[in-house]
Amino acid sequence: MNCRWCHAAFAARGGGSPQIFCGAGCRASYHKAARQWCEREIAAGRLTVEAIRDGAGAAYTLTPRREPPVPLPDIGSPIPRLWPRCGRAVR
Ligand SMILES: [Zn+2]
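Nothing here was measured: the structure is a model prediction, and the numbers come from that model.

Reading the values: the criteria
Residues numbered from 1 in each chain as written. Predicted model: local features only at pLDDT ≥ 70, side-chain atom pairs only at ≥ 80, totals over all residues. Helix = DSSP H or I, 4+ residues; strand = E, 2+ residues; numbered from the N terminus. Buried ≥ 20, exposed ≤ 12 C-beta atoms within 10 Å, placed from the backbone. Contact = placed C-beta atoms within 7 Å. Expected span 1.5 Å × (residues − 1).

Draft legend 1. Highlighting the overall build of the chain. In terms of helices and strands, the chain carries three helices and zero strands. In the chain, the succession of α and β elements from N to C terminus is α-α-α. In the chain, which comprises 91 residues, the proportion classed as buried is 1%. Taking the contacts inside the chain whose residues are at least 6 apart along the sequence as the reference set, 26% of them involve residues at least 24 apart.

See the structure below:
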């Protein structure tokens, strides 16, 4: 996968929402640039605050994930391993 901001290749973490940036720095840079662009568009009269406010619910919605999430490896429960030790310590 490639970062949407810097285009560097990265290995996406599993689970949660789809990862589109390689790290927090690129995510912050993207949001800062988006804010600045938005303010310039409003100042130029090409975008209105009302359009942003009215579309706020849908504007940030990510496209639904098509494939199921990556299953976590079965790490088992620690309880069965711990109980016998507890039993010996008590006796
Ligand atoms: Zn990046």
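Draft legend 2. Main features of the environment of Ile20. Structurally, Ile20 can be placed in the segment before α1 (24-43). Once the C-alpha coordinates of Ile20 and Met1 are considered, the two residues, 19 residues apart in sequence, prove to be 8.1 Å apart.

Draft legend 3. How the structure looks around the environment of Asn2. Residue placement: Asn2 occurs in the segment before α1. Counting along the chain gives 17 residues from Asn2 to Gln19, while the straight-line C-alpha distance between them is 9.8 Å. Ignoring any residue separated from it by four or fewer positions in sequence, one finds Asn2 in contact with His7, Ala8 and Ala9.

Draft legend 4. Structural detail: the environment of Ala12. Tracing the backbone shows Ala12 in the segment before α1. C-alpha separation for the pair Ala12 and Cys22, spaced ten residues apart in sequence, amounts to 7.8 Å.

Draft legend 5. Quick peek at α1. For α1, built from 20 residues, the straight-helix expectation of 28 Å at 1.5 Å per residue is met to within 8% by its first-to-last C-alpha distance of 29 Å. Counting buried positions along α1 yields zero of 20 residues, so the element is predominantly exposed. Residue Gly45 follows α1 closely and has a positive phi angle near 80°.

Draft legend 6. Layout of unusual backbone geometry. A positive phi angle, close to 70°, is found at His7, a residue other than glycine. Counting through the fold element by element, His7 comes out in the segment before α1. Overall, the presence of 9 C-beta atoms within 10 Å leaves His7 in the exposed class.

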